[in-house]
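If you want the building blocks of each chain, they are given just below.
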Amino acid sequence: MQKFKSVEELINQLKPEKPVYCIRKKSIESSVKFFLDKFPGKILYAVKTNPHPEVIQTILNNGVNQFDVASIEEIKAIRKITQNAKCSYMHTVKSRESIKEAYFNYGVKTFSLDTKEELIKIIESTNNAKDLELFVRVAVSNEHAEIDLSKKFGALTSEAVGLLRLVKQYAKKIGLSFHVGSQCMHPISYAKGINEIGNIIKKTKIIPDTINVGGGFPTIYPDLIPQSLRFCSLVRSSSLFGNVAPSNSIEPVIGGNKPVMTRAVVDFPDPDSPTTATVEPRGTEMFTLFRIFTLL
């Protein structure tokens, strides 16, 4: 792979006629380090953001070994690089064939859902597996996001309460997840999402093993400059669940009037991604038309 000091140098030397794909490895490394240092929990990388092998390998090399996948192709992309990384199939609409292949061929045991019908598909496609980790995705306000996902994914709180009770009967581990929308420009959205999760826990008296804080952490675009990055600290300090907290927890978060423990999870995008992330499943084929170079 050729290396250049800048995009300008690349263009001047190669004068490419076809699209050129540049990888800023130092930006990826700094983004990984930032989240590892600041976020109070485990971290997943959303493969749909950029599934190129060089990007995935750089993320692995810098300490993140869990991945949010949205398609079989993304699972295959990860397994070509590593057999040990955990893949979580977090798209809430999956075919039975994809669920079956993910579970039996690639060892994926973590799935997301927002309807009873999806739960039935997962149970039947895995032959009533007893080792599943299932997340109920909850719809929360996306008012501060550039791309609103709340009308497309997630169960309403009233629906999530019953769904969580049902999931508890079939899953070895249970989780709750939410997504504040792509390119969320105000950290208060995370506090609202966490509080909504807390309300569901109080209503059901079911304590999840994991809370998935979703994505939406903003980056800088020419016309979008997020306020000071208080996002991770706000997640850490939000009033979560009063006096209840997830079990098997590993990271401290302040909740109510006294400390509680929670294991949080986050997806984060490449900081220099030239386009906003989408929620549609995308495989590695989209990169076959591009020439790959590394910027120093």
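On a predicted model such as this, the values are computed, not experimentally measured, just so you know.

**Observations concerning the overall build of the protein chain**
Phase 1 of the analysis: Helix and strand counts for the protein chain come out as nine helices and 15 strands.
Phase 2 of the analysis: Split into buried and exposed, the 296 residues of the protein chain put 52% on the buried side.
Phase 3 of the analysis: For the protein chain, long-range pairs separated by at least 24 residues make up 66% of all intrachain contacts whose partners lie at least 6 apart in sequence.
Phase 4 of the analysis: If you sum the accessible surface of the protein chain, you get close to 14,100 Å²; carbon and sulfur atoms cover 51% of it.

**What about the packing of helix 2 (residues 25–38) against helix 3 (residues 53–61)?**
Phase 1 of the analysis: Here helix 2 crosses helix 3 at 40 degrees, and the two axes come no closer than 9 Å. Our classification of the angle between helix 2 and helix 3 gives oblique. Once helix 2 is placed against helix 3, the crossing between them reads as right-handed. Mapping the contact onto sequence places Lys25, Ile28, Glu29 and Val32 in helix 2 and Glu54, Val55, Thr58 and Ile59 in helix 3.
Phase 2 of the analysis: Classifying every residue of the contact of helix 2 with helix 3 by side-chain character gives four nonpolar, one polar and three charged.

**Here's the deal with the side chain of threonine 126**
Phase 1 of the analysis: When you line up the elements, threonine 126 lands in the loop between helix 6 (116–125) and strand 7 (133–138).
Phase 2 of the analysis: Assessed through its relative accessible area of 2%, threonine 126 is described here as buried.
Phase 3 of the analysis: At 2.7 Å, the side chain of threonine 126 forms a polar contact with the backbone oxygen of isoleucine 122.
Phase 4 of the analysis: Excluding anything up to four places from it in sequence, threonine 126 contacts Ile99, Tyr103, Phe104 and Leu132.

**As for the nonpolar core**
Phase 1 of the analysis: Ranked by size, the top nonpolar core spans 58 residues in total, and within it Phe67, Phe111, Leu134 and Leu176 carry the most contacts.
Phase 2 of the analysis: In this structure, phenylalanine 67 is in contact with Leu44, Tyr45, Val47, Ile56, Ile59, Leu60, Ile78, Ala85, Lys86, Cys87 and Ser88, ignoring residues within four places of it in sequence.

**Side note on the pattern of salt bridges**
Phase 1 of the analysis: Going through the model one piece at a time under the given rule, you end up with 10 salt bridges.
Phase 2 of the analysis: For glutamate 73, the salt bridge identified is with lysine 76, shortest N-O distance 3.7 Å. Placement of the pair is glutamate 73 and lysine 76 together in helix 4 (residues 72–81), with a separation of three residues, close to one helical turn.
Phase 3 of the analysis: The exposure class of glutamate 73 is partly exposed, given its relative accessible area of 31%.

**Let's talk about the packing of aromatic side chains**
Phase 1 of the analysis: Per the stated rule, a full pass over the model turns up four aromatic pairs.
Phase 2 of the analysis: Residues tyrosine 45 and phenylalanine 67 carry aromatic rings whose centres are separated by 6.4 Å and whose planes lie at 85 degrees to one another, so their mutual orientation is edge-to-face. Of this pair, tyrosine 45 sits in strand 3 (residues 41–46) while phenylalanine 67 is found in strand 4 (residues 66–69), placing the two residues 22 residues apart along the sequence. The pair tyrosine 45 / phenylalanine 67 is uniform in exposure class, with both members buried.
Phase 3 of the analysis: The cationic tip of lysine 94 hangs over the ring face of tyrosine 89; the distance from NZ or CZ to the ring centre is 5.7 Å.

**Here's the deal with helix 4**
Phase 1 of the analysis: All of the buried residues in helix 4 are Ile72, Glu74, Ile75, Ala77, Ile78 and Arg79.
Phase 2 of the analysis: Packing partners of the buried residues in helix 4 comprise helix 3, strand 4, strand 5 (86–89) and helix 5 (96–106).

**Topic: the packing of helix 4 against helix 5**
Phase 1 of the analysis: Two numbers describe how helix 4 lies on helix 5: the axes approach to 10 Å, and their chain directions differ by 15 degrees. Between helix 4 and helix 5, the angle falls in the class roughly parallel. The way helix 4 lies across helix 5 gives a crossing that is left-handed. Where helix 4 abuts helix 5, its residues Ile72, Ile75, Lys76 and Arg79 lie against Ser98, Glu101, Ala102 and Tyr106.

**Describing the confidence of the model for the protein chain**
Phase 1 of the analysis: For the protein chain, mean pLDDT is 76; residues scoring 70 or higher make up 70% of the total.
Phase 2 of the analysis: Per-element mean pLDDT across the protein chain ranges from 24 in strand 12 (residues 251–255) up to 98 in helix 5.
Phase 3 of the analysis: Below pLDDT 50 for its whole length, residues 239–296 participates in 189 contacts with residues either more than four positions away or in separate chains.

Thresholds applied
- Residues numbered from 1 in each chain as written.
- Predicted model: local features only at pLDDT ≥ 70, side-chain atom pairs only at ≥ 80, totals over all residues.
- Heavy atoms only, no water.
- Helix = DSSP H or I, 4+ residues; strand = E, 2+ residues; numbered from the N terminus.
- Buried < 20%, exposed > 50% of the residue type's maximum accessible area, 1.4 Å probe, protein only.
- Contact = heavy atoms within 4.5 Å.
- Areas by Shrake-Rupley, 256 points an atom, 1.4 Å probe, with all protein chains shown as cover.
- Axes fitted to C-alpha atoms, helices over the stretch in contact; angles between N-to-C directions.
- Parallel < 35°, antiparallel > 145°, perpendicular 65-115°, else oblique.
- Left-handed = near helix turned anticlockwise from the far one by under 90°.
- Nonpolar A, V, L, I, M, F, W, Y, C, P; charged D, E, K, R; others polar.
- Polar contact = N/O pair within 3.5 Å; in protein donor to acceptor, adjacent residues only side chain to side chain.
- Core = buried A, V, L, I, M, F, W, Y, C linked by side-chain atoms within 4.5 Å.
- Salt bridge = Lys/Arg side-chain N within 4 Å of Asp/Glu carboxyl O.
- Phe/Tyr/Trp six-rings, centres within 6.5 Å; stacked < 30°, edge-to-face > 60°.
- Lys NZ or Arg CZ within 6 Å of the ring centre and 35° of its normal.
- pLDDT = per-residue confidence, 0-100.

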